[in-house]
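# Report on the structure
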Amino acid sequence: MREIHTTLESRDGHPLAATLYEPEKAPRAAVQINAATGVPRRYYAAYARFLAERGFAVLTYDYRGIGQSVWPLQVSGASLRMRHWGEHDLAATLGWLHQRYPGLPIAAIGHSAGGQMLGLADNNHLAKAALSIASQSGYWGHWPQRLRPVMAALWHVVLPGSVALFGRVPAAVMGAELPAGVALQWASWCRHPDYITHRSGQPIRQHFASYRGPMRFYAIGDDMFYAPLKAVQALAGFYRNARIEVRVLQPADHGLRQISHFGFFRPSMPQAAWQETADWLVQALRLPPTNSHSP
């Protein structure tokens, strides 16, 4: 396996830091990993290597304003929008994979917001299958009753207040620093029952509806704060023409005490869970089975 660190270009010219993991032999398929909100691509390195060792070429990248995808100095963080991650960044990297591996099937794997952003890309048909881990509609009303006051305060007060005070959302608030424009759009979406919406309040669904491939959504059983099952099911409903499957992954399924929102992609995650996703990719992409799962 080899790792190639490079810089790609978004559709509107923003530089995107990226890493490509290629197997030793010719890849059987290509995989795009779309990150959670504010999470740099290095977080997915262990999982990307796992898939590469099983014959997949895997691309990870940082959305604009995140990780090493710094935006030009002349561009204000207030001008960045969360929807640009899907419309420009994800769409560009998906197109790049399609050009680099002509003839190979492509799958998209989304973590949290990464499963949402696929629905904003007008070329998402290039992904022949999509797998989402803890991806959800962020509307606070999907959360359990006991957590709704906390979630409402987060989107109505905490994020807008942080931007007003600091000009951004500091990492201490959400675990990762967010540009002002991204944070404000995200908060506005999470206040609306339809979540991803235009400024007018009309839901954005055109490219969600155009995706028709197989999709598997994993809700993590102990992930109540970030992606409870109801929120995962709500997002799955956005892709109304896809072939949807929603599964609940419980920590006990793999002998764990917890997985929560960020545990699945950590190197400590049992490889049996990762292998289950690799097997699903093989099935969903209609790849010939291999005789062994070993590298």
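Residues numbered from 1 in each chain as written. Predicted model: local features only at pLDDT ≥ 70, side-chain atom pairs only at ≥ 80, totals over all residues. Heavy atoms only, no water.

Scanning the protein chain for helices and strands turns up nine helices and 10 strands. Across its three principal directions, the C-alpha atoms of the protein chain cover 55 × 45 × 35 Å. Out of the 295 residues belonging to the protein chain, those deemed buried represent 57%. When contacts within the protein chain are restricted to residue pairs at least 6 apart in sequence, long-range pairs at least 24 apart make up 71% of them. Carbon together with sulfur atoms contributes 52% to the accessible area of the protein chain, which is approximately 12,700 Å² in total. (Helix = DSSP H or I, 4+ residues; strand = E, 2+ residues; numbered from the N terminus. Buried < 20%, exposed > 50% of the residue type's maximum accessible area, 1.4 Å probe, protein only. Contact = heavy atoms within 4.5 Å. Areas by Shrake-Rupley, 256 points an atom, 1.4 Å probe, with all protein chains shown as cover.)

The subject of this paragraph is the packing of helix α4 (residues 148–166) against helix α6 (residues 180–190). Orientation of α4 relative to α6, taken along the N-to-C sense of each, is 170°, at an axis distance of 9 Å. Between α4 and α6, the interaxial angle falls into the category roughly antiparallel. Where α4 approaches α6, its residues W155, L159, P160 and V163 are matched on the opposing element by A180, A183, L184, W186, A187 and C190. Residues of the contact of α4 with α6, tallied by class, amount to 10 nonpolar, no polar and no charged. (Axes fitted to C-alpha atoms, helices over the stretch in contact; angles between N-to-C directions. Parallel < 35°, antiparallel > 145°, perpendicular 65-115°, else oblique. Nonpolar A, V, L, I, M, F, W, Y, C, P; charged D, E, K, R; others polar.)

Let us now look at a nonpolar patch on the surface. Among the surface-exposed residues, L229, I244, V246 and V248 lie close enough to one another that they form a single nonpolar patch of about 260 Å² accessible area. Element by element, the count of residues in the nonpolar patch is highest for strand β10 (residues 243–249), at three residues. Mapped onto the elements of the fold, L229 is located in helix α8 (residues 229–238). (Patch = residues over 30% accessible without salt bridge, like charges linked within 9 Å, V, L, I, M, F, W, Y side chains within 5 Å. Salt bridge = Lys/Arg side-chain N within 4 Å of Asp/Glu carboxyl O.)

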